[in-house]
Amino acid sequence: MLSILRATTVAFAGLALMPALARAHSTADPSEGTAGGYFRTAFRVTHGCKGSPTTAVTIRIPEGVLSAKPMPKAGWTIETKTRPLDPPVDSGHGFKIREAVTEVTWTGGRLENAHFDEFVLSMRLPDMPGATLYFPMVQTCEKGSNNWTGIPAAGQKWGDLPEPAPFVTLKKAGGGHAH
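About the cut-offs
Residues numbered from 1 in each chain as written. Predicted model: local features only at pLDDT ≥ 70, side-chain atom pairs only at ≥ 80, totals over all residues. Heavy atoms only, no water. pLDDT = per-residue confidence, 0-100. Helix = DSSP H or I, 4+ residues; strand = E, 2+ residues; numbered from the N terminus. Contact = heavy atoms within 4.5 Å. Salt bridge = Lys/Arg side-chain N within 4 Å of Asp/Glu carboxyl O. Buried < 20%, exposed > 50% of the residue type's maximum accessible area, 1.4 Å probe, protein only. Phe/Tyr/Trp six-rings, centres within 6.5 Å; stacked < 30°, edge-to-face > 60°.

**With respect to the confidence of the model for the chain**
Logical step 1: When the pLDDT values of the chain are averaged, the result is 85; 84% of them are 70 or greater.
Logical step 2: Within the chain, the element-level pLDDT minimum falls on helix 1 (residues 2-22), averaging 39, and the maximum on strand 4 (residues 54-60), averaging 98.
Logical step 3: In this model residues 1-23 is a low-confidence stretch, pLDDT under 50, and it forms three contacts with partners more than four residues away in sequence or in other chains.

Structure follows, in structure tokens:
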């Protein structure tokens, strides 16, 4: 009897997840970082574009992020776009940050619709506790694209947008930071 109850519970739990999976969004994981600290997050791509394999991922870096370094991926090429910082900003490590990354693009790989992958950035977050940073992301596929660029307006919920941008919320500093 216990095994039947356990199997039924597992089946219902699976059914409860189906709407969430059907509306899978592109997300940042983790999605909470310390304001003013260094932070690593992975932007997750969970499916292709209406079944078509993913061939490029572009992430726009929001204003205030002082540095952003992409993690290389085997089989993919990385391109970054930058803008000058005037005046330069102290890195906290004995040198000045003179340019801010505005966009990172991974190209040349192939991510099948049946698989998922993560595109990783390490960055220095702005010192703005309580703020939410949105990272608009364009997923280009062999056929079509997904534009994960929606940013909720006042009174709107992130999950209600058809293609919401991944986000990171900034919490108040409580300890050290990792690189």
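That was the structure; now back to the text.
**Some remarks on the pattern of salt bridges**
Logical step 1: Counting across every chain of the model gives seven salt bridges.
Logical step 2: Two residues, Arg44 and Glu118, come together in a salt bridge whose shortest N-O distance is 2.6 Å. Here the residue Arg44 occupies a position in strand 3 (residues 38-45), and Glu118 occupies one in strand 8 (residues 117-124), the gap between them amounting to 74 residues.
Logical step 3: A relative accessible area of 22% means that Arg44 is categorised as partly exposed.
Logical step 4: Glu142 serves as the salt-bridge partner of Arg110, at 2.0 Å between the closest nitrogen and oxygen.

**Notes on the packing of aromatic side chains**
Logical step 1: Tallying each qualifying case throughout the model produces five aromatic pairs.
Logical step 2: Taken together, a centroid distance of 5.3 Å and an interplanar angle of 55° make the contact between Phe43 and Phe135 tilted. With Phe43 in strand 3 and Phe135 in the loop between strand 9 (132-134) and strand 10 (137-141), this residue pair connects regions lying 92 residues apart in the sequence.
Logical step 3: A relative accessible area of 0% places Phe135 in the buried class.

**Section: unusual backbone geometry**
Logical step 1: For the bond running from Asp29 to Pro30, omega is 5°, close enough to zero to count as cis.
Logical step 2: Along the chain, Pro30 turns up in the loop between strand 1 (27-29) and strand 2 (32-34).
Logical step 3: A cis amide bond links Asp86 to the next residue, Pro87, at an omega of 10°.
Logical step 4: Counting through the fold element by element, Pro87 comes out in strand 6 (residues 77-90).
Logical step 5: Unlike most non-glycine residues, Lys50 shows phi in positive territory, near 50°.

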